[in-house]
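One letter stands for each residue in the lines below.
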Amino acid sequence: MQGVTVVKHPLVQHKLSLLRDKTRSTSGFRQLVREIAMLLAYEVTHELPMTTKRIETPLQAMDAPMIDGKKLVLAPILRAGIALSEGMLELIPSARVAHIGLYRDHDTLEAIEYFFKAPHDLADRLVIVTDPMLATGNSATAAIERLKARGAHDIRFVCLLAAPEGIAQMQALHPDVPIWTAAIDEKLNEKGYIVPGLGDAGDRIYGTH
Ligand code: URA
């Protein structure tokens, strides 16, 4: 599918199956999210622009490859997105973080914003938005709208699971934002949950169910 990368690496797929299992403990779930996040971070950054820097090894000088440009920004959608961005931060520790507080109104499924704090120079940075579940797409598209209003124009979206409905919504409103996901599931149910899915990601990460 154009603009959507499904990360089919066996480690990602195996860990995702462990994650879906309803008997997984809260600590096990959280740990798996961090591990998958690291693997997704590897994939979503694979085409970052590179430069070289003159360094001295113990043996001689060399022009060593380095990532070019300003530090990238991870933009977790609160609260479940935090677990994804924390895993990614383990691989990219110098990344900046933009927090976007949105919750889903349980009746309308609309995204309601309650917090936004981001670096001021988003226009100069790659911004990677994280949310484990791309369900209706309402939260993701609202978060991206806010980031664009603050100048961001180089944006990628990373999730664990995507529903076809969420992908369609993202591509309708933000066709310039590519998506990385570990799987595309069948559909949304009548309550807006992804099926087969993994349940409420925030509740399973934080043990609030
Ligand atoms: N958010 C979740 O946490 N799970 C879903 O299935 C859909 C949205």
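Residues numbered from 1 in each chain as written. Predicted model: local features only at pLDDT ≥ 70, side-chain atom pairs only at ≥ 80, totals over all residues. Heavy atoms only, no water.

(A) Spotlight on the pairing of strand 2 (residues 50–56). Relative to strand 3 (residues 61–67), strand 2 runs antiparallel, the two sharing 7 bridges. When the bridges of strand 3 are listed, Arg54 appears paired with Asp63. Adjacent in sequence and paired antiparallel, strand 2 and strand 3 are bridged by 4 residues. (Pairing = 2+ DSSP bridges. Helix = DSSP H or I, 4+ residues; strand = E, 2+ residues; numbered from the N terminus.)

(B) Fine view of helix 4 (residues 138–149). Here helix 4 spans 17 Å end to end across 12 residues, near enough to the 16 Å set by a 1.5 Å rise per residue. What helix 4 keeps buried is the set Asn138, Ser139, Ala140, Thr141, Ala143, Ile144 and Leu147. Trailing helix 4 by a residue or two, Gly151 shows a phi angle of about 105 degrees, which is positive. (Expected span 1.5 Å × (residues − 1). Buried < 20%, exposed > 50% of the residue type's maximum accessible area, 1.4 Å probe, protein only.)

(C) Spatial organisation of the site of the ligand. Every residue near the ligand is listed here: Arg104, Met133, Ala135, Gly192, Tyr193, Ile194, Gly199, Asp200 and Ala201. One of the backbone nitrogen or oxygen atoms of Ile194 is found 2.7 Å away from an oxygen atom of the ligand. With respect to the ligand, the backbone of Ala201 contributes an N or O atom lying 2.7 Å from an oxygen atom. Tallied by class, the residues present in the shell around the ligand amount to 5 nonpolar, 2 polar and 2 charged. (Near = heavy atom within 4 Å. Polar contact = N/O pair within 3.5 Å; in protein donor to acceptor, adjacent residues only side chain to side chain. Nonpolar A, V, L, I, M, F, W, Y, C, P; charged D, E, K, R; others polar.)

(D) Looking closely at the packing of aromatic side chains. All told, the structure shown has 1 aromatic pair when counted by the stated rule. When the ring of Tyr103 is compared with that of Tyr114, the centres are 6.2 Å apart and the planes differ by 35 degrees; the resulting orientation is tilted. Of this pair, Tyr103 sits in strand 6 (residues 99–104) while Tyr114 sits in strand 7 (residues 111–117), and the two are 11 residues apart along the sequence. Owing to a relative accessible area of 49%, Tyr114 belongs among the partly exposed residues under this scheme. (Phe/Tyr/Trp six-rings, centres within 6.5 Å; stacked < 30°, edge-to-face > 60°.)

(E) Here's a closer look at the pairing of strand 6. Both strand 4 (residues 73–78) and strand 6 contribute to a ladder of 2 bridges, which runs parallel. By the bridge assignment for strand 6, Ile77 is matched with Ile100. Pairing of strand 6 with strand 7 involves 6 bridges; the strand directions are antiparallel. Across the sheet, residue His99 finds its bridge partner in strand 7, namely Lys117. Hairpin geometry of strand 6 and strand 7 is characterised by an intervening segment of 6 residues between the two adjacent antiparallel strands and by a positive phi of about 65 degrees at Leu109.

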